[in-house]
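Coordinates in review
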Amino acid sequence: EAGVVQSPRYKIIEKKQPVAFWCNPISGHNTLYWYLQNLGQGPELLIRYENEEAVDDSQLPKDRFSAERLKGVDSTLKIQPAELGDSAVYLCASSQGTAEAFFGQGTRLTVV
Amino acid sequence: GESVGLHLPTLSVQEGDNSIINCAYSNSASDYFIWYKQESGKGPQFIIDIRSNMDKRQGQRVTVLLNKTVKHLSLQIAATQPGDSAVYFCAEKVTGANNLFFGTGTRLTVIP
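Residues numbered from 1 in each chain as written. Chains lettered and ligands numbered in written order. Predicted model: local features only at pLDDT ≥ 70, side-chain atom pairs only at ≥ 80, totals over all residues. Heavy atoms only, no water.

When helices and strands are tallied, chain A shows zero helices and eleven strands. Ordered by position in the sequence, the α and β elements of chain A form the string β-β-β-β-β-β-β-β-β-β-β. Taken over the C-alpha trace, chain A has a radius of gyration of 13 Å; the compact-globule value for 112 residues is 13 Å, and the two agree within 12%. Overall, the C-alpha framework of chain A stretches about 40 × 25 × 25 Å when taken along its three principal axes. When burial is assessed residue by residue, chain A has 47% of its 112 residues classed as buried. Taking the contacts inside chain A whose residues are at least 6 apart along the sequence as the reference set, 51% of them involve residues at least 24 apart. For chain A, the accessible area works out to roughly 5,600 Å², and carbon and sulfur atoms hold 50% of it. Each charge class in chain A was averaged separately, 11 positive and 14 negative side chains, and the resulting centres sit 8 Å apart. (Helix = DSSP H or I, 4+ residues; strand = E, 2+ residues; numbered from the N terminus. Rg over C-alpha atoms; globule rule 2.2 N^0.38 Å. Buried < 20%, exposed > 50% of the residue type's maximum accessible area, 1.4 Å probe, protein only. Contact = heavy atoms within 4.5 Å. Areas by Shrake-Rupley, 256 points an atom, 1.4 Å probe, with all protein chains shown as cover. Lys, Arg positive; Asp, Glu negative; His and termini not counted. Charge placed at Lys NZ, Arg CZ, Asp CG, Glu CD.)

Pasting the structure below:
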């Protein structure tokens, strides 16, 4: 069974440019999470979806970050415009109901 | 959000010894806890979980202990191997809320 798939694995962009990350969760998982992980720290929740509904986006900086999960499967996370401080690893995870969450390999974003 | 933290940021052990990684949490409503292992350049990998109706759960070479009275859990790794070297995170969840919160992490280094 395929795990959570994220792309791209790495992205380098100049500040003020837009960037998008894509996530394909494990088949059948209705819950999808986007996390941000800074070096040496634990993942921090950005947004959680239950099917296509964003049920918790309280930690998402909405002035520049947006996310969507239109058909309740794949999801994209966008930053526009990117800032130097956005450099981090962006992790996607999925789970079924209240079970454990499985993570993708992440997208390492570098803003220069 | 909830506060999940670890007592020791780094831990070095000799190969073959047992390892104990500790974690404190602050939300008494949390009822589901997960230990993740994260190797360099990879996403967190599920190791073992425990629900609040239990105080101990064993897996292959790993044991998780939960003390709800002092809001503390630990991960014990038996006969630690070089492949166990990684950063270990505890995460907590309140069933129903479904948000998964992570602590800072402990870096485990196994000395051959």
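There is more to say, and it comes next.
The next point concerns the interface of chain B and chain A. The partner chain A presents 22 residues to the 21 residues of chain B that form the contact. Buried surface at the junction of chain B and chain A, summed over both partners, amounts to about 1,600 Å²; 46% is from carbon and sulfur atoms. Interface area lost by chain B to chain A is led by B:Asn98, B:Asn99 and B:Phe102, which between them contribute 28%. At the junction of chain B with chain A, the criterion picks out zero salt bridges. One can count eight residue pairs in polar contact (both at pLDDT 80 or more) joining chain B with chain A. (Buried area = accessible area lost by both parts, 1.4 Å probe. Salt bridge = Lys/Arg side-chain N within 4 Å of Asp/Glu carboxyl O. Polar contact = N/O pair within 3.5 Å; in protein donor to acceptor, adjacent residues only side chain to side chain.)

This part takes up the pattern of salt bridges. All names here are of chain A. Inspection of every chain in the model, using the stated rule, returns seven salt bridges over all chains. Its salt-bridge partner being Glu-83, residue Arg-64 comes within 3.3 Å of it at the nearest N-O pair. Of this pair, Arg-64 sits in the loop between strand 6 (53–56) and strand 7 (65–68) while Glu-83 is found in the loop between strand 8 (75–79) and strand 9 (88–95), placing the two residues 19 residues apart along the sequence.

Looking at the largest pocket, its volume works out to about 430 Å³. Considering the residues around the largest pocket, the lining is formed by 23 residues, among which A:Leu39, A:Arg108, B:Gln38, B:Ser40 and B:Gly41 are closest to the centre. When contributions to the lining of the largest pocket are tallied by element, the ones reaching two or more residues are strand 9 of chain A together with strand 9 (86–93) of chain B. Taken together, the residues of the lining of the largest pocket break down into eight nonpolar, ten polar and five charged. (1 Å grid on protein atoms, 1.4 Å probe; cavity = no way out; pocket = protein on both sides within 12 Å on 5 of 7 lines; lining within 4 Å. Points joined across faces, edges and corners; volume = space filled by probe spheres on them. Nonpolar A, V, L, I, M, F, W, Y, C, P; charged D, E, K, R; others polar.)

Turning our attention to the sheet that holds strand 7 of chain A. In a beta sheet, neighbouring strands pair by backbone hydrogen bonds and run either parallel or antiparallel. Residues and elements named next belong to chain A. Here four strands make up an open sheet; going across it, the order is 1-3-8-7 and the pairing antiparallel. Pairing within the sheet leaves two strands with one partner each, and these edge strands are strand 1 (5–7) and strand 7. Sheet twist, expressed as the average angle between the axes of neighbouring strands with direction ignored, equals 15 degrees. (Pairing = 2+ DSSP bridges. Axes fitted to C-alpha atoms, helices over the stretch in contact; angles between N-to-C directions.)

Turning next to the side chain of A:Gln37. Relative to the elements of secondary structure, A:Gln37 occurs in strand 4 (residues 31–37). Among the polar contacts made by the side chain of A:Gln37, one reaches the main-chain carbonyl oxygen of A:Gln41 at a distance of 2.9 Å. Excluding anything up to four places from it in sequence, A:Gln37 contacts A:Gly42, A:Pro43, A:Ala88, A:Val89, A:Leu91, B:Gln38 and B:Phe89.

Once that is clear, we can look at the state of the cysteines. All names here are of chain A. Tallied over the entire structure, the rule returns two disulfides over all chains. Cys-23 shares a disulfide with Cys-92; S-S distance 1.9 Å. Residues Cys-23 and Cys-92 share a disulfide whose torsion about the S-S bond is about -70 degrees; that sign makes it left-handed. With Cys-23 in strand 3 (residues 19–24) and Cys-92 in strand 9, this pair connects stretches of sequence that are 69 residues apart. (Disulfide = S-S within 2.5 Å.)

Core analysis: the largest hydrophobic core is formed by 22 residues, its most contacted members being A:Phe21, A:Trp34, A:Leu46, A:Leu77, A:Ile79, A:Tyr90 and A:Leu109. Residue assignment for this core shows that the elements contributing at least two residues are strand 3, strand 4, strand 5 (44–50), strand 8, strand 9 and strand 11 (107–111) of chain A. Core analysis: the next-biggest nonpolar cluster, separate from the first, contains 20 residues, B:Phe33, B:Ile48, B:Val62 and B:Tyr88 among them. (Core = buried A, V, L, I, M, F, W, Y, C linked by side-chain atoms within 4.5 Å.)

Okay, the packing of aromatic side chains next. Residue and element names in this part refer to chain A. Considering all chains together, one arrives at twelve aromatic pairs over all chains under this definition. Ring centres of Phe-21 and Tyr-90 lie 4.8 Å apart, and the angle between their planes is 25 degrees; this geometry places the pair in the stacked category. Here Phe-21, found in strand 3, pairs with Tyr-90, found in strand 9; they are 69 residues apart in sequence, far enough to count as distant. Assessed through its relative accessible area of 1%, Phe-21 is described here as buried. Between Tyr-35 and Phe-103, the aromatic rings sit 5.6 Å apart at their centres with planes inclined by 45 degrees, giving tilted as the arrangement. In this pair, Tyr-35 sits in strand 4 while Phe-103 sits in strand 10 (residues 102–103), placing the two residues 68 residues apart along the sequence. (Phe/Tyr/Trp six-rings, centres within 6.5 Å; stacked < 30°, edge-to-face > 60°.)

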